[in-house]
Amino acid sequence: MFDVLIIGGGAAGLSCALVLGSAQNKAFAKSKKIGIVTHQKSSHLQTALFNNVLGLAPNTTGASILKDGKAQLSNLYPHVEQIEKEKVSTIAPVKDFYTITTNNTSYTAKLVVVAVGYTDLIRIKGLESYIEAHPRAAAEKNRIWLKNTDHLIAPNLYVAGTLAGWRSQFAIASGSGAHVATDILTLWNNGKHTKVHDKII
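None of the values given here were measured: they were computed from a predicted structure. Just so you know, the residues in each chain are numbered from 1, in the order the chain's sequence is written. In view of the model being predicted, local features appear only for residues whose pLDDT reaches at least 70, and side-chain atom pairs are presented and counted only at 80 or more, with totals across whole chains, interfaces and linings using the full set of residues. Excluding hydrogens and water, the side-chain figures rest on all heavy atoms present in the structure.

**Q** Even after reading the chapter, I still don't get the packing of helix α1 (residues 11-22) against helix α3 (residues 170-188), so can you show me in this structure?
**A** Two packed helices can be described by the angle between their axes and the distance between those axes. One way to put it is that α1 packs onto α3 with a least axis distance of 7 Å and a crossing angle of 35°. Classified by chirality, the crossing of α3 by α1 is right-handed. Of the residues in α3, those in contact with A11, A12, S15, C16, V19 and L20 of α1 are F170, A173, S174, G177, A178, V180, A181, T182, I184, L185 and W188. Residue classes follow a fixed rule: Ala, Val, Leu, Ile, Met, Phe, Trp, Tyr, Cys and Pro count as nonpolar, while Asp, Glu, Lys and Arg count as charged, and any other residue, Gly among them, counts as polar. The class makeup of the residues in the contact of α1 with α3 is 13 nonpolar, 4 polar and no charged. The angle between two axes is taken between their N-to-C directions and runs from 0 to 180 degrees, where each axis is a line fitted to C-alpha atoms and a helix contributes only its stretch in contact. Each helix is a run of H or I in the DSSP string that is no shorter than four residues. Each strand is a run of E no shorter than two, and both are numbered from the N terminus. Should the near helix be turned anticlockwise from the far one by less than a right angle, the crossing is termed left-handed; should it be turned clockwise, right-handed. Any two residues whose heavy atoms approach within 4.5 Å are treated as being in contact.

Below, the structure written as structure tokens:
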């Protein structure tokens, strides 16, 4: 049983995982089991080039961010389980948790974060009733979002990144993933607003 399982290894999913992982020394997060399904094949980062992102060197590629992001997560926060080479097919509520089925196996999680791309090719069963036309994308592109309120689709089911209705901008998608992570940390911290910062001493 995962305390939280993130679906998607792009900007939003990896950002969410990094922030959650960084809370490892907090009393309320120490025992939490965190996982991420790092499927990246359909990520728009595969063909992206960045010159306008604060903190990234010009000519940074999205493909390098995908690769380096997984390495960063593994090196800094190895307790976050990375599930490779699996694609989620179904998310189903069962009492007070969710069952997540992939092409290989199934998992259970108390909280789920959906952070896959916003194309109309999404094929995860169980999300159909939340799919609507994307509010911040050109209609002819057939982009979608999962209708939500402040990233929450249904109890304990979150969405992050462009699929949450945000524009397709790297910093926005990353920030959305971090936002969801701090909401989850706040939940784990009994509702006390929570964020995680590293500081130079």
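**Q** Quick question: what am I supposed to make of the packing of aromatic side chains here?
**A** Given two aromatic rings, their pairing is described by the distance between the two centres and the angle made by the two planes. Stacked, edge-to-face and tilted labels apply to pairs of Phe, Tyr and Trp rings (six-membered ring for Trp) whose centres lie within 6.5 Å, assigned for plane angles under 30 degrees, over 60, and everything in between, in that order. Across all of its chains, the model carries 2 aromatic pairs by this definition. Seen in terms of ring centroids, F50 and F170 are 4.8 Å apart; in terms of plane orientation they differ by 50°. Their pairing is tilted. Within this pair, whereas F50 is found in strand β3 (residues 49-50), its partner F170 is found in helix α3, the two being separated by 120 residues in sequence. Taken as a pair, F50 and F170 share a single burial class, namely buried. Looking at K33, its charged tip hangs above the ring of F2, at a distance of 5.0 Å from the centre. Here the term buried applies to any residue with accessible area under 20% of the maximum for its type, exposed to any over 50%, and partly exposed to those in between, with areas from a 1.4 Å probe on protein chains only. Only lysine NZ and arginine CZ atoms are considered, and such an atom sits over a ring when it is within 6 Å of the ring centre and within 35 degrees of the ring normal.

**Q** I'm lost on the packing of α1 against helix α2 (residues 62-76) in this one. Help?
**A** Following both chains from N to C, one finds α1 and α2 inclined at 15°, their axes separated by 10 Å at the closest point. What the angle tells us is that α1 and α2 run roughly parallel. For the pair α1 and α2, the sense of crossing is left-handed. When α1 is examined against α2, the residues L14, A17 and L18 are found in contact with a partner set consisting of L66, G69, K70, Q72 and L73. Each angle gets one of four labels, with under 35 degrees taken as roughly parallel, over 145 as roughly antiparallel, 65 to 115 as roughly perpendicular, and the rest as oblique.

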